[in-house]
Structure formats: C-alpha cells, structure tokens
Amino acid sequence: MSISSRFTVGVHILALIDLNKDGVSSSEFLAGSVNTNPTLIRKIMGMLKKAGLLQVQPGIAGAKLAKDPSHITLLDVYRAVDVVQEKELFSVHENPHPDCPVGRNIQDSIAPVLSAAQLAMEKVLGNVSIKDIVQDIAGKEKLEINQL
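Counting restarts for each chain: residues are numbered from 1 in the order of the written sequence. Predicted model: local features are reported for residues with pLDDT of at least 70 only, side-chain atom pairs are reported and counted for 80 or more only, and whole-chain, interface and lining totals are derived from all residues. Only hydrogens and water are set aside when side-chain values are computed; all heavy atoms of the structure are taken into account.

Novice: Quick rundown of the nonpolar core? Include the residues and the values.
Specialist: Take the buried residues of types Ala, Val, Leu, Ile, Met, Phe, Trp, Tyr and Cys, join any two whose side-chain atoms come within 4.5 Å, and each joined set is a nonpolar core. Categorising residues by exposure relies on relative accessible area from a 1.4 Å probe, with only protein chains included: less than 20% of the type maximum marks a residue as buried, more than 50% marks it as exposed, and the intermediate range marks it as partly exposed. Judged by nonpolar contacts, the single largest core of 32 residues is most densely connected at Phe7, Ile13, Leu14, Leu48 and Val77. Here a helix means four or more residues in a row that DSSP labels H or I, a strand means two or more in a row labelled E, and each is numbered from the N terminus. At the level of elements, helix H1 (6-19), helix H2 (27-34), helix H3 (38-50), strand S2 (60-65), helix H4 (74-80) and helix H6 (130-141) are the ones that each hand at least two residues to this core. Of the residues forming this core, the biggest block, nine residues, is contributed by H1. When residues no more than four places from it in sequence are discounted, the contact partners of Leu14 are Leu48, Leu53, Leu54, Leu65, Ile72, Val77 and Ile130. Residue contacts follow a heavy-atom distance rule, with two residues in contact if any of their heavy atoms lie within 4.5 Å.

Quick look at the structure:
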C-alpha cells in the first residue's frame with residue numbers, strides 16, 4: 001500500500017497555480033495537467049483551502065496560493081490532504097498470538113522504529129517548499145517563473 005496520491009496531486013496543484021500566476025487556474029485547467037477529473041481536483045482544492053494553503057472563491061474560476069510558495073512546505077500539503085494521521089503512517093497488525101514470542105513482542109519492538117521512520121519522512125517534507133518544487137520544474141523545462 002502506498003501513500004494516497006492526494007498528496008502528489010496537491011503538490012501538483014499548488015506548483016501549477018504558482019507557475020500559472022498570470023493565467024486562470026480553474027479546476028478544469030488543473031485537471032488537464034493532472035490528467036484527472038475536475039471533481040477530484042475540486043475536492044483536493046477544498047482540502048488545501050481548509051488548511052489555509054489556497055484561496056478559491058465560489059462561482060469564480062481560478063485559485064491563488066494563500067501564502068508565499070516559500071512558506072508552504074510539502075509537510076503542509078501532506079497534512080492538508082489527510083494522507084495519514086499523526087504517528088499512524090505505519091499500522092501494525094492487531095491481535096498477534098500472545099503465546100508466540102514474536103506475537104507477544106512484535107508491536108513493542110517495531111513501533112519505535114516505525115515512529116522514527118515517519119518522523120524522518122516528515123522532517124524531509126518539512127524542509128522542501130512549493131517554491132523549491134516550482135524552481136526545480138522551471139529549471140527542468142528551462143522556463144521563467146510565470147511563463148507557462
């Protein structure tokens with residue numbers, strides 16, 4: 001099982017909106033880039049708006065970032081789209097057999113390792129901003145920022 005694609009779609013949406021500052025970033029426009037249905041885009045945009053990362057106005061096409069892209073981290077996006085609850089990235093199977101030495105101890109043995117792994121991943125995501133992603137994309141495409 002992998003982390004929900006809502007995370008990468010959320011990053012995609014924010015990066016495209018930032019790159020398309022001079023254009024109208026409607027759900028249809030964004031869906032075309034993601035290659036998905038505008039309804040899914042609107043759902044994720046609603047999550048991003050609720051988290052204070054995106055500004056949208058009902059009945060008006062287009063969206064804007066709610067803050068400077070250098071102040072929106074991938075961790076913000078990760079948390080905004082409800083990928084996983086805090087300290088629950090990994091789930092440990094419940095009810096292992098108590099008469100087995102592994103079953104008796106697996107949860108207590110593996111939980112600290114899994115918690116450390118999630119914290120490490122979140123630290124990496126917290127150190128990368130939407131601006132970093134946009135600059136990387138612009139460099140790969142040899143684009144000036146805002147030239148879409």
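And the narrative resumes.
Novice: How would you sum up unusual backbone geometry? Please name residues and give values.
Specialist: Located in the positive-phi region is Asn35, a residue other than glycine, with phi close to 65 degrees. Assignment of secondary structure puts Asn35 in the loop between H2 and H3. Given a relative accessible area of 70%, Asn35 falls into the exposed group. For Asn95, which is not glycine, the phi dihedral falls at a positive 60 degrees. Turning to its location among the elements, Asn95 is positioned in the loop between H4 and helix H5 (101-126). A relative accessible area of 71% places Asn95 in the exposed class.

Novice: I'd like a rundown of the pairing of strand S1 (residues 54-57), residues and numbers included.
Specialist: Note: two strands are recorded as paired if DSSP finds a minimum of 2 bridges between them. Direction of pairing for S1 relative to S2: antiparallel, over a ladder of four bridges. If you follow Leu54 over to S2, its bridge partner there is Leu65. Counting the residues in the hairpin turn of S1 and S2 gives two residues, including Gly59, whose phi is positive at 80 degrees.

Novice: Could you give an account of the side chain of Glu122, naming the residues involved and the relevant values?
Specialist: Position of Glu122 among the secondary structure elements: in helix H5. A residue is classified by how much of its surface remains accessible, and Glu122, at 9% relative accessible area, is buried. Sequence-distant contacts of Glu122, defined by excluding residues within four places in its chain, comprise Leu75, Tyr78 and Arg79.

Novice: Can you tell me about the environment of Ile41, naming the residues and giving the values?
Specialist: Considering the arrangement of structural elements, one finds Ile41 in helix H3. For Ile41 and Ser27, which are 14 residues apart along the polypeptide, the C-alpha to C-alpha distance reads 5.9 Å. Those residues in contact with Ile41 that lie beyond four places of it in its chain are Val9, Ile13, Ser27, Leu30, Ala31, Val34 and Thr36.

Novice: Now, about the confidence of the model for the chain: what can you tell me, with residues and values included?
Specialist: Predicted confidence across the chain gives a mean pLDDT of 89, with 93% of residues reaching 70 or more. Note on scores: pLDDT gives the predictor's confidence for each residue, bounded by 0 and 100. Ranking the elements of the chain by mean pLDDT puts S2 last, at 86, and H1 first, at 96.

Novice: Please provide a residue-by-residue account of the pattern of salt bridges, values included.
Specialist: Salt bridges are identified by distance alone: a Lys or Arg side-chain nitrogen within 4 Å of an Asp or Glu carboxyl oxygen. What the rule picks out here adds up to four salt bridges. Across the pair Asp18 and Lys21 runs a salt bridge whose closest N-O atoms are separated by 3.1 Å. On the basis of relative accessible area, Asp18 is assigned to the buried category, the value being 4%. Classification of Lys21 by relative accessible area gives partly exposed; the value is 39%. Where Glu122 meets Arg79, a salt bridge forms, and the shortest distance between an N and an O atom there is 3.9 Å. Residue Glu122 is found in helix H5, and its partner Arg79 is found in helix H4; the two are separated by 43 residues along the sequence.

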